[in-house]
Amino acid sequence: MPISGIDKAIGALVVGTWANSFLYMLEIQQVIHYFRHYRNDNNFFKSLVVLVFFIDTLSTFGNYACVYLYTITHWGDREYLSNQYWPIPVYLSTTGASAAVVQTFLITRFWNLSRNHFVTPCLALISLTAFGGAIATAITIVKYPLYHERSTVRIPVTVWLGASAAADIFIAVSLIYQLHTMKSTFKNSQSLIRRLSVGAIQTGAPGSIVATIALCVYLSDMDNNVSVGLAFCLGRIYALTMLMNLNKRHELQLGVVPNTYSDSFESGSSHAQTYINGIHVHRSAVVRIDNRASDHQKTHINAREGSVHELDLKTSHPKWFK
């Protein structure tokens, strides 16, 4: 690490840990909120939350250790400052793992929504490529730890951050497209689908933006640690994406009000059930037909909508998506 560029070398790492600490605090709050309000949630979701939080805790520890070793334990040791040690590979591998878990969660949402046998494997392949790029970067750093050898990781870093940003964008676009192919006569369902579309954009934007900026900064100047400071926060951003998606389900549910329709005909009823983001929406339609009307004037209306599965992984595939 060049002593002359202390601000961009060590200062960027210090600032990165500050931002990471803030995001990690938000993650802790979201985890507490999740287990407090969704105690009976699907075990699959609970396992993902625990796994991501464990990975991010390990990554945060690596970030702190990196800065402490450079600024306290070995401060002024030029030989030590010119090398990259174990905290860097730890942060790389854990950040890649966190992104892979969250992207798997989002891809699973798309699969349950669409049952698309072509797009889903493509999304999974891009996400797996990003994870492979992160691991390859960590391995390369172990083999070539000197700062003047950082150019050796240019290709794996480009694959990692580029594929990660691409996965986020394609997942968001796929979710939005699938949501907009759904048709509903219920205004509340239409409003909910619009809100979910906005949520899909918000889901893909943060991770892809930070990954793209970090990649551009790294390629423009490989000798500084500004890109590393940005990437310190990447895992927490992914974790918050998943946690906020899980925790906002109650807010979406409060925004859905069952509809009841009636007319001046004889009583007949039908029901519609919808699962969106794990929210069970039940609607009833009531029709009355005058008893004096002829048989061919009597009408039975079946107002059943299909089921939209975004987060309810246990429900079967709805026929209306075919």
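## A word on the packing of helix α4 (residues 87-114) against helix α5 (residues 119-143)
Step number 1: Between α4 and α5, the shortest axis-to-axis distance is 8 Å and the interhelical angle comes to 175°. With respect to α5, the axis of α4 lies roughly antiparallel. Along its contact with α4, which presents Ile-88, Pro-89, Leu-92, Ser-93, Gly-96, Ala-97, Ala-100, Gln-103, Ile-107, Phe-110 and Trp-111, the element α5 presents Val-119, Thr-120, Leu-123, Ala-124, Ser-127, Phe-131, Ala-134, Ile-135, Thr-137, Ala-138, Ile-141 and Val-142.
Step number 2: Its residues placed into classes, the contact of α4 with α5 shows 17 nonpolar, six polar and no charged.

## Brief notes about helix α2 (residues 43-73)
Step number 1: If you check α2, its first and last C-alpha atoms are 43 Å apart, about what 31 residues at 1.5 Å a residue would give, namely 45 Å.
Step number 2: For α2, the N-terminal capping position is held by Asn-42, with its side-chain oxygen 2.6 Å away from the main-chain nitrogen of Phe-44.

## Re unusual backbone geometry
Among all residues except glycine, the phi angle is most often negative; among peptide bonds, the trans geometry is most common.
Step number 1: Positive phi, close to 55°, is recorded for Arg-115, a residue that is not glycine.
Step number 2: Note on placement: Arg-115 falls in the loop between α4 and α5.

## Some points on the environment of Val-101
Step number 1: Structurally, the position occupied by Val-101 is in helix α4.
Step number 2: On the basis of relative accessible area, Val-101 is assigned to the buried category, the value being 13%.
Step number 3: Considering only alpha carbons, one finds Val-101 and Ala-239, 138 residues apart in sequence, at a separation of 8.8 Å.
Step number 4: Setting aside anything within four residues of it in sequence, one finds Val-101 in contact with Leu-48, Leu-51, Val-52 and Ile-55.

## Regarding the confidence of the model for the chain
Step number 1: When pLDDT is averaged along the chain, the result is 77, and 69% of the positions lie at 70 or above.
Step number 2: Low confidence marks residues 256-322, where pLDDT is under 50. Its contacts with residues over four positions away, or in another chain, come to 149 contacts.

## Section: a nonpolar patch on the surface
Step number 1: Judged by side-chain polarity, Phe-54, Leu-58, Phe-61 and Trp-86 come together as a nonpolar surface patch covering roughly 460 Å² of accessible area.
Step number 2: By the secondary structure assignment, Phe-54 is in helix α2.
Step number 3: Given a relative accessible area of 54%, Phe-54 falls into the exposed group.

## Considering the environment of Ser-82
Step number 1: One can find Ser-82 in the loop between α3 (78-81) and α4.
Step number 2: Sequence spacing of Ser-82 and Leu-146 is 64 residues, and the spatial spacing of their C-alpha atoms is 6.0 Å.
Step number 3: Engagement of the side chain of Ser-82 in a polar contact is seen with the side chain of Asn-83, the distance being 3.3 Å.

## Thoughts on the packing of aromatic side chains
Step number 1: Across all of its chains, the model carries nine aromatic pairs by this definition.
Step number 2: A centroid spacing of 5.8 Å and a plane angle of 20° characterise the contact between Tyr-34 and Tyr-38, whose relative ring orientation is stacked. For the pair Tyr-34 and Tyr-38, one class covers both residues: buried.
Step number 3: Between Phe-44 and Phe-45 the ring centres are 6.0 Å apart and the planes differ by 55°, which places this aromatic pair in the tilted class.
Step number 4: Looking at Phe-44, the relative accessible area reads 33%, which means it is partly exposed.
Step number 5: Classification of Phe-45 by relative accessible area gives buried; the value is 3%.
Step number 6: An aromatic cluster is present here, built from Tyr-34, Phe-35 and Tyr-38 joined pairwise through their rings.

Criteria and cut-off values
- Residues numbered from 1 in each chain as written.
- Predicted model: local features only at pLDDT ≥ 70, side-chain atom pairs only at ≥ 80, totals over all residues.
- Heavy atoms only, no water.
- Axes fitted to C-alpha atoms, helices over the stretch in contact; angles between N-to-C directions.
- Helix = DSSP H or I, 4+ residues; strand = E, 2+ residues; numbered from the N terminus.
- Parallel < 35°, antiparallel > 145°, perpendicular 65-115°, else oblique.
- Contact = heavy atoms within 4.5 Å.
- Nonpolar A, V, L, I, M, F, W, Y, C, P; charged D, E, K, R; others polar.
- Expected span 1.5 Å × (residues − 1).
- Polar contact = N/O pair within 3.5 Å; in protein donor to acceptor, adjacent residues only side chain to side chain.
- Buried < 20%, exposed > 50% of the residue type's maximum accessible area, 1.4 Å probe, protein only.
- pLDDT = per-residue confidence, 0-100.
- Patch = residues over 30% accessible without salt bridge, like charges linked within 9 Å, V, L, I, M, F, W, Y side chains within 5 Å.
- Areas by Shrake-Rupley, 256 points an atom, 1.4 Å probe, with all protein chains shown as cover.
- Salt bridge = Lys/Arg side-chain N within 4 Å of Asp/Glu carboxyl O.
- Phe/Tyr/Trp six-rings, centres within 6.5 Å; stacked < 30°, edge-to-face > 60°.

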